[in-house]
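A structural walkthrough
Each chain, written out:
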Amino acid sequence: MAQPIVNIDSVYKQYGTFKAVDGISLTIDEGDIYGFLGPNGAGKSTTLRMLLSLIKPTAGSIEIMGKSLDKSRNDILAETGSIIEKPDFYLYLSAKQNLWLLSKMYNQNIGAKRIQEVIQQVGLSGRENDKVKTYSHGMKQRLGLAQALLHNPKLIILDEPTTGLDPQGIIELRELILKLKNEGKTVVLSSHILSEIQLIADSMVIINNGKAVAQGKVNSLLGDDDVVVYVELADTEKFNTEIGQSGFVAALTGIEHNVAALKLAKQEIPHLVSWLNDKGIAFYALDYKKGWKIIF
Ligand code: ADP
Ligand code: MG
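Residues numbered from 1 in each chain as written. Chains lettered and ligands numbered in written order. Predicted model: local features only at pLDDT ≥ 70, side-chain atom pairs only at ≥ 80, totals over all residues. Heavy atoms only, no water.

**Quick look at unusual backbone geometry**
Its identity as a non-glycine residue notwithstanding, Ser 53 has a phi of 45 degrees, on the positive side. Structurally, Ser 53 can be placed in the loop between helix 1 (44–51) and strand 4 (59–64). Judged by its relative accessible area of 17%, Ser 53 falls in the buried class. Positive phi values are uncommon outside glycine, yet Asn 152 reaches one of about 55 degrees. Mapping Asn 152 onto the fold places it in the loop between helix 5 (137–149) and strand 7 (155–158). (Helix = DSSP H or I, 4+ residues; strand = E, 2+ residues; numbered from the N terminus. Buried < 20%, exposed > 50% of the residue type's maximum accessible area, 1.4 Å probe, protein only.)

Below, the structure written as structure tokens:
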């Protein structure tokens, strides 16, 4: 059984009367890649900022590595690395010099060897002595990641890390994140693009209007077995009467005109057909589409 590394319990963040985060609870397992998926303004950054104690929750509690974030902030941050805002670097210094300066800010033993290691890890070898002002956006992003990894943290938090990257840069970042996972790190990342989370994350939460609207293993949320079944009904009234007492009521996602949509595992379709027949609910056609439809 995986150990939880982050535990968020009924966390709220209120600005005036506006709830940017409206009661989110979730658990992140150690060693997982965990995705926060949601449209702009959903509350992803606000939640991640609270995890890094850059802002304080209005209510609720956060535990990281088994410790209360409130009480053990410094211990936790010593084991956490992040890119949360656009990383700021001295443009007239090199990557190496920037990382050296940052290493002096962490009260840990970070030497030249470690700096060279992270430079290599993020693929900046060969350019580490060039001024940051000569770097592409992708290279700056990689330097941001180098900064996040410098003190060899257990937990790495990346807020929309692919922003501004070209497709090649996105692929490289994905490979790097997978490498970090293979080293046993826990990586939390956010995105407003489903495929970015789906391709890489083990587990995810979908956030909308400050609320966690769905969470779990990516496979079970978006897996191949999950289908949306459309039943074109000949007798909508009968269907409406019967569905309430059936085991399929929880799967029903909507009825439009005479077409009912149900979210099911593909293996359940034969049971649905038997049930329709048993209840004498006439239908013209039954069709299904793979995967859930999640549209922002
Ligand atoms: P996301 O990262 O998912 O795009 P954010 O967490 O940045 O969303 O923002 C969630 C909501 O909270 C947005 O509507 C945003 O305008 C609002 N918000 C964020 N920070 C503040 C703040 N300091 N004051 C007031 N509203 C804020
Ligand atoms: Mg954001």
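**So, the sheet that holds strand 11 (residues 226–233)**
Taken together, the 4 strands give an open sheet; going across it, the order is 12-13-11-14, and neighbouring strands pair in antiparallel fashion. At either end of the open sheet lies a strand with only one pairing partner, and these are strand 12 (252–256) and strand 14 (283–290). Averaged over all adjacent pairs, the angle separating strand axes in this sheet is 20 degrees, with direction ignored. The sheet strands contacting helix 9 (residues 236–243) are strand 11, strand 12 and strand 13 (259–265), and the helix crosses strand 12 at an angle near 160 degrees. (Pairing = 2+ DSSP bridges. Axes fitted to C-alpha atoms, helices over the stretch in contact; angles between N-to-C directions. Contact = heavy atoms within 4.5 Å.)

**Let's talk about the side chain of Gln 121**
One can find Gln 121 in helix 4 (residues 112–121). Discounting residues that sit within four places of it in the chain, Gln 121 has contacts with Arg 114, Leu 149, Leu 176, Lys 179, Leu 180 and Glu 183.

**Comments concerning the sheet that holds strand 4**
In spatial order, the strands read 2-1-4-5; together these 4 strands make up an open sheet with antiparallel pairing. Because the sheet does not close on itself, it has two edges, and the strands there are strand 2 (18–29) and strand 5 (67–68). Across 2 bridges, the pairing between strand 4 and strand 5 is antiparallel. When the sheet's bridge partners are listed, Ile 64 is paired in strand 5 with Lys 67. Packed on one face of the sheet, helix 1 meets strand 1 (4–15), strand 2 and strand 4 and runs near 120 degrees to strand 1.

**Observations concerning the pattern of salt bridges**
Under the defined criterion, the tally for this structure stands at 10 salt bridges. Between Glu 117 and Arg 114 there is a salt bridge, with the nearest N and O atoms lying 2.7 Å from each other. Taken together, the positions of Glu 117 and Arg 114, both in helix 4 and 3 residues apart, correspond to about one turn of that helix. For the salt bridge of Arg 142 with Glu 172, the shortest nitrogen-to-oxygen distance reads 3.6 Å. (Salt bridge = Lys/Arg side-chain N within 4 Å of Asp/Glu carboxyl O.)

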